[in-house]
Amino acid sequence: MKKFAGRTAFVTGAGKNIGKEIALAFANNGANVIVCDYNADNATAAAREIETLGVGALVAACDVRDRKAIFSFAKEAVKQFGKIDFLVNNACGSAGLLNKLSRFIDAEPETLDFVLDTNIKGSFNCAQAVLPSMIENKYGKIINISSIAAICGLYDRVDYAAAKAAQIGMAKALAMEVGEYNICVNCISPGAIERNGVAMEHMTYLGKNGHSGTPKEIADTVLFLAENDYITGQNIIVDGGRTLGPGSR
Ligand SMILES: NC(=O)c1ccc[n+]([C@@H]2O[C@H](COP(=O)([O-])OP(=O)(O)OC[C@H]3O[C@@H](n4cnc5c(N)ncnc54)[C@H](O)[C@@H]3O)[C@@H](O)[C@H]2O)c1
């Protein structure tokens, strides 16, 4: 029997790249998956691929900022699959999505709202939507996909770095509140991870022989946390050594 047979994973931003890899990893291990992505075509395509693995897939084609829609899909998922065991807050947005990357001093308030709402309010919405099911079943894992931008900063992305750091703070404080229900809350902070199959060498600098990481390396870390009942409130950095100091030989 597969290790997550009978379990259900809610994965946001699951239409492509890291989120899709995470969704497929859960499905490959027997879990049903709620494929949440505001790109309906990508979400549907990912869900069809997941169904070929012999598990259930529910397309949640909505924006994580849309609290009403997120709650409604969580309700639908519980109706279809009985419960929600895992939540991965992976959907993200930097000002780059709006072509508005800029120095902080020039950032428009609307852009700041967009980045904070997508990354942190989106994570709040999804966590509040799935927690009743996790609490009822006294089982759950919530995993936020943060970024090393939260640890070491990132030029032209003060809003993104702040929102990603907020995801880490959220994980720590929420872990305290829900531990009594056997729910773990953690973060993963990736370094430069290839996107659309394209490496991000220019963002890598040090470590891992100068290569960027792969979505699979993040999905493997998600599965590791999904299986562990004693790690909670932590942030696991998966960056090939990018955030290590200069060191010396
Ligand atoms: N790729 C990297 O180098 C890297 C590095 C550090 C952290 N991360 C983090 O990993 C996660 C995934 O990154 P990626 O590179 O795969 O991103 P991506 O941009 O390739 O994919 C993001 C997915 O989320 C969806 N999405 C975006 N905003 C959404 C919203 N508001 N509601 C619903 N769906 C939404 C998009 O449609 C897309 O399918 C993000 O949280 C990102 O911050 C990525």
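Residues numbered from 1 in each chain as written. Predicted model: local features only at pLDDT ≥ 70, side-chain atom pairs only at ≥ 80, totals over all residues. Heavy atoms only, no water.

**Structural notes on the site of the ligand**
Thinking step 1. Residues in close proximity to the ligand total 24 residues, the closest being Asn17, Asp37, Tyr160, Ile193 and Arg195.
Thinking step 2. Between the ligand and tyrosine 38 there is a distance of 3.3 Å, counted from a nitrogen atom to a backbone nitrogen or oxygen.
Thinking step 3. Within the contact set of the ligand, an oxygen atom lies 2.8 Å away from a backbone nitrogen or oxygen of isoleucine 193.
Thinking step 4. Secondary-structure elements contributing two or more residues to the shell around the ligand are helix H1 (17-28) and helix H6 (158-178).
Thinking step 5. Each residue belonging to the shell around the ligand can be placed in one class, and the counts come to 12 nonpolar, seven polar and five charged. (Near = heavy atom within 4 Å. Polar contact = N/O pair within 3.5 Å; in protein donor to acceptor, adjacent residues only side chain to side chain. Helix = DSSP H or I, 4+ residues; strand = E, 2+ residues; numbered from the N terminus. Nonpolar A, V, L, I, M, F, W, Y, C, P; charged D, E, K, R; others polar.)

**Details of the pairing of strand S6 (residues 183-190)**
Strand residues, when the strand is regular, have side chains that alternate between the two faces of the sheet.
Thinking step 1. Counting buried positions along S6 gives eight out of eight residues, so the element sits mostly inside the fold.
Thinking step 2. Neither face of S6 is left uncovered, since the one carrying Ile183, Val185, Cys187 and Ser189 and the one carrying Cys184, Asn186, Ile188 and Pro190 both have all their residues buried.
Thinking step 3. Here strand S5 (residues 140-145) runs beside S6; their pairing, made up of six bridges, is parallel. The partner of isoleucine 145 across the bridge, within S6, is isoleucine 188.
Thinking step 4. Where S6 meets strand S7 (residues 235-238), four bridges bridge the pair, whose relative direction is parallel. Note that in S7 the partner of proline 190 across the bridge is valine 238. (Buried < 20%, exposed > 50% of the residue type's maximum accessible area, 1.4 Å probe, protein only. Pairing = 2+ DSSP bridges.)

**Quick word on the packing of H1 against helix H2 (residues 40-51)**
Thinking step 1. The contact between H1 and H2 brings their axes to 10 Å, and the two run at 20 degrees. The angle between H1 and H2 falls in the class roughly parallel. The way H1 lies across H2 gives a crossing that is right-handed. Between H1 and H2, the residues in contact are Lys20, Ala23, Leu24 and Ala27 and Ala46, Glu49 and Ile50, respectively. (Axes fitted to C-alpha atoms, helices over the stretch in contact; angles between N-to-C directions. Parallel < 35°, antiparallel > 145°, perpendicular 65-115°, else oblique. Left-handed = near helix turned anticlockwise from the far one by under 90°. Contact = heavy atoms within 4.5 Å.)

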